[in-house]
Amino acid sequence: MDARTPPALAGKTERRSFRRPPLRPIVGFWHRWIGLVMAGFLFISGVTGAVISWDHELDDVLNPHLMHARAEGPAKVPLELAEMIEARDPRVQVTFVPLAPEPGEAYAFGVSPKQNPATGKLFSPGYNQVFIDPATGEELGRREWGAAWPVTRENFVSFLYVLHYSLHLPALWGVDRWGVWLMGVIAVLWTIDCFAGAYLTLPSRASAKSGKSFWSRWKPAWQIKTKASAYRINFDVHRAFSLWLWGVLFTVAFTAFSLNLYTEVFYPALSKVSKTTPGPFELRTPAPLDQPIIAKKTYAEVIETAKAEARRRGWTDPVGGAFYAPGYGIYGVTFHQPGGDHGAAGVGTPYLYYDGATGLPAGERLPWVGTAADIFVQAQFPLHSGRILGLPGRILISLTGIVVAALSVTGVVIWWKKRKARVARTGRGTIARPPSAHR
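Within every chain, residues take consecutive numbers counted from 1 along the sequence as written. Residue-level local features of this predicted model are given only where pLDDT is at least 70; pairs of side-chain atoms are given and counted only at 80 or more, and the full residue set underlies all totals for whole chains, interfaces and linings. Heavy atoms throughout the structure, all of them, feed into the side-chain values; hydrogens and water do not.

S.K.: Tell me about the overall build of the chain, and please be specific about residues and values.
M.R.: A count of helical and extended segments in the chain gives 16 helices and eight strands. Here the globule rule reads 2.2 Å times residues to the power 0.38, and the radius of gyration is calculated from C-alpha atoms. Here the C-alpha radius of gyration of the chain, 28 Å, is well above what a compact globule of 439 residues would show, namely 22 Å. Dimensions of the chain along its principal axes, counting C-alpha atoms only, are 95 × 50 × 45 Å. It only takes one pair of heavy atoms within 4.5 Å for two residues to be counted as in contact. Once local pairs closer than 6 in sequence are excluded, the contacts in the chain between residues at least 24 apart make up 59%. Charge assignment in this entry is limited to Lys and Arg as positive and Asp and Glu as negative, and neither His nor the chain termini are counted. A charge is said to be at NZ when it belongs to Lys, at CZ for Arg, at CG for Asp and at CD for Glu. Between the mean site of the 48 positive side-chain charges and the mean site of the 32 negative ones, the chain shows a separation of 24 Å. Note on conventions: DSSP H or I runs of at least 4 residues are helices, E runs of at least 2 residues are strands, and numbering of each starts at the N terminus.

S.K.: Explain the packing of aromatic side chains to me, using residue names and the numbers behind them.
M.R.: Any two rings among Phe, Tyr and Trp, with Trp reduced to its six-membered ring, count as a pair given centres within 6.5 Å; such a pair is stacked if its planes are under 30 degrees apart, edge-to-face if over 60, and tilted if neither. Enumeration over the complete set of coordinates arrives at 33 aromatic pairs. Ring geometry for W218 against W222: centres 5.3 Å apart, planes inclined by 80°, an arrangement best described as edge-to-face. Accessible area is worked out with a 1.4 Å probe on protein chains only. A residue is then buried under 20% of its type maximum, exposed over 50%, and partly exposed in between. On the basis of relative accessibility, which here comes to 18%, the residue W218 falls in the buried class. Each ring, one from F254 and one from F257, has its centre 5.6 Å from the other, and the planes form 70°; the classification is edge-to-face. With a gap of three residues between them, F254 and F257 both fall in helix α10 (residues 246–260), about one helical turn apart. Accessibility expressed as a relative area gives 23% for F254, which makes it partly exposed. Counting every residue linked through ring pairs, the aromatic cluster contains F195, W246, F250, F254, F257, Y262, F266, Y267 and F376.

S.K.: I'd like to hear about the packing of helix α3 (residues 55–62) against helix α6 (residues 156–166), residue by residue, with values.
M.R.: At a closest axis distance of 9 Å, the pairing of α3 and α6 adopts a crossing angle of 150°. Between α3 and α6, the angle falls in the class roughly antiparallel. Across the interface between the two elements, D55, L58, D59 and L62 of α3 pack against F156, V157 and Y161 of α6. Taken together, the residues of the contact of α3 with α6 break down into five nonpolar, no polar and two charged. Helix axes are fitted only over the stretch in contact, all axes being lines through C-alpha atoms; the angle between N-to-C directions runs from 0 to 180 degrees. Any angle from 65 to 115 degrees is called roughly perpendicular, while one under 35 is roughly parallel, one over 145 is roughly antiparallel, and all others are oblique. Lys, Arg, Asp and Glu make up the charged group, whereas Ala, Val, Leu, Ile, Met, Phe, Trp, Tyr, Cys and Pro make up the nonpolar group; the residues left over, Gly among them, are polar.

S.K.: Describe the nonpolar core, naming the residues involved and giving the relevant values.
M.R.: In this structure, V94, F109 and Y299 are the most contacted members of the largest nonpolar core, which totals 25 residues. Taken together, the elements giving at least two residues each to this core come down to α5 (78–88), β1 (92–98), β2 (107–113), β3 (129–132), α13 (299–313), β5 (319–325), β6 (330–335) and β7 (351–355). Of all the elements, α13 adds the most residues to this core, at five residues. The residues touching Y299, leaving out its near neighbours within four places in the chain, are L79, V94, T95, F96, V97, A322, F323, Y324 and Y331. Nine residue types can take part in a nonpolar core, namely buried Ala, Val, Leu, Ile, Met, Phe, Trp, Tyr and Cys, and a core is a set of them joined through side-chain atoms within 4.5 Å. Among the nonpolar cores identified, the runner-up in size contains 15 residues, and I34, M38, L42 and L249 belong to it.

S.K.: Just give me the short version of the sheet that holds β1, but keep the residues and values in it.
M.R.: Here the rule is simple: two strands pair whenever DSSP picks up at least two bridges between them. An order of β4-β3-β2-β1-β5-β6-β7-β8 is seen for the eight strands of this open sheet, with the pairing classed as antiparallel. Pairing within the sheet leaves two strands with one partner each, and these edge strands are β4 (139–143) and β8 (361–365). Across this sheet, the average inter-strand angle for adjacent strands is 20°, counted without regard to direction. Sheet topology note: the β7/β8 ladder contains four bridges and is antiparallel.

S.K.: Would you mind going over the environment of D290 in detail, with residue names and values included?
M.R.: Structurally, the position occupied by D290 is in the loop between α12 (280–283) and α13. For the pair D290 and G327, spaced 37 residues apart in sequence, the C-alpha separation works out to 9.2 Å. Beyond its immediate sequence surroundings of up to four residues, D290 is in contact with Q115, G120, K121 and L122. Here a polar contact is taken to be a pair of N or O atoms separated by no more than 3.5 Å, where protein atoms must pair a possible hydrogen donor with a possible acceptor and residues adjacent in sequence count only if both atoms sit in side chains. Polar side-chain contacts of D290 include one of 3.4 Å to the side chain of K121.

S.K.: I'd love a proper account of a positive patch on the surface, names of residues and values included.
M.R.: Patches were defined on residues exceeding 30% relative accessible area and lacking a salt bridge, with like-charge contacts within 9 Å and nonpolar side-chain contacts (Val, Leu, Ile, Met, Phe, Trp, Tyr) within 5 Å. Shrake-Rupley sampling with a 1.4 Å probe provides the accessible areas, and residues are treated as covered by the protein chains on show and by no other component. Note on definitions: salt bridges are taken to be side-chain nitrogens of Lys or Arg within 4 Å of carboxyl oxygens of Asp or Glu. On the surface, a cluster of positive charge is made up of R32, K418, R419, R422 and R425. Broken down by element, the positive patch gets its largest block of residues, four residues, from helix α16 (residues 391–432). By the element assignment, R422 lies in helix α16.

S.K.: Residues and numbers for the pattern of salt bridges, please.
M.R.: With the rule as written, the count across this model stands at 16 salt bridges. Across the pair E57 and R394 runs a salt bridge, and its minimum N-O distance is 2.7 Å. With E57 in helix α3 and R394 in helix α16, the pair connects residues that are 337 residues apart, well separated along the chain. For R232, the salt bridge is made with D236, and the minimal N-O distance between the two is 2.9 Å. You can see R232 and its partner D236 sitting in helix α9 (residues 230–244), four residues apart, about one turn around the helix. Counted as one network, the salt bridges with shared partners bring together E309, R312, R313 and E364.

S.K.: Which residues make up the side chain of D55, and what values do they have?
M.R.: Its location among the elements puts D55 in helix α3. Of the polar contacts made by the side chain of D55, one reaches the side chain of R387; its length is 3.0 Å. With residues up to four places along the chain from it excluded, the contact list for D55 reads V157, Y161 and R387.

Printed below as a string of C-alpha cells:
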C-alpha cells in the first residue's frame, strides 16, 4: 500500500488486492487450449466411433465370403472343428470357440500363436481369426483382426476399432499400450472439459443486471441462429450441440477413461471408494507375452462342467461360446441365444470362469448382479457403445460420434477466427501508437 493512501481507504485497498481472480477467464483459457490439444484425437475418435457402432453389420456387408455359410445342412460339432484348425496349423491354438452362431452365419474361431520351442518366442502366423462353414467344415478364410497395415476390406472394420481406442501406436520398450494410455489421458481431459464447456454457456453476472430471468438469459445458448453469419452459426452449433447432448458426451468421455485406464487407474480407484468383487483377471498377474500358460483341461471338459452348473442354476439359454486366455490360464464360458452376444440390450451375457489347470471354478460374471460398484463396472462398455439400450442406444452413440467430430472442427474454427481478430487488433494498435509509446 502506498504511504499516501488515506487511512479510510486502506482496508478497502487491501481487500481489493486479495480478491480472487474471476473464474470465467480461467475456465475459458482451459477450454480453449485443452480443446485444441484434444481436437484431432476427438475427431478421429468421433468418426471411428460413429462407424464401429455398426461393426457386425458392416463386416457382413464387406466380407460375406467370411461371414456367411455357403452350404446347407446340420452344423458340425464346433469342438471338432477347433481340433481341425489346430491340426492344419500347429503354430496356433484356438482361443475362442463359437457355440451358438446365427442361422446362415459362419463359425468365427479365435486363435493365438503358440510358443516356438526353437526360439522361445511366439510364432507369427499372421492371423488371429479363422472362419469355418458349419455344415462342411470348410475353411472360408483367415484374417488378422485389428491389423494396422495393410488396410484391406477384410480388416477394415477392426482397423477402425483399434484406431478408435489406441491410434495403432506401435509398441516401444516392450510396452504395447502407449496408444491406449494416450487416449485414456485424452478421455480424462475431455471428462473435465465437459464441465468447463457447460460452465461457459451459463449467462454472465453482468447480464443479470438486465432484470431477465436466468432461463431467458441462458436460452440463446441452446439455439442456433440460422440467419446469422457463418461464424455465428459455427459458434451456435458448437455451443448448442454441446448442451443438447451434454449427458451423452460426458458418459462417453468418462467411459472412455474407465475402459482405457481400467487396470491402471479406474478399477484401483473404484476399489478404494466402493466395495468391488474382483474377478479372476483382477486377481491374477498375467504371464509374460512369450510364455503363454498351457491349459491342462480341455474345452470339452470345461464346457460340460459349465453346462452342469447352468442347469443347477436353472439357466435356459444355451452355451453361446467359450474362450481360453493363455496369459491368465483361465477358461470362460458364456450363455446366450444365437446373436445375443452383440445384439441384445443390457450389460452383457453371463460368464462362468474356470481354472485351465484344475478345471475348478475361478469366478463368474452375472449381469446386474453384485455390489453397486460391480454393476457400475459391468455397465462401462455397454454405456460407451450404447449397447445397454440395444438398437436405439447404438443409433444414439453413432450420432454422438458425428457430433464429437463436428464439435472438434467448430471449436478449432472458433479459436482460429478469434486469433485472427486478436492479431488484427494488435496490429492496428501498434500502428496507431505514437513513437513515444514504444519507449
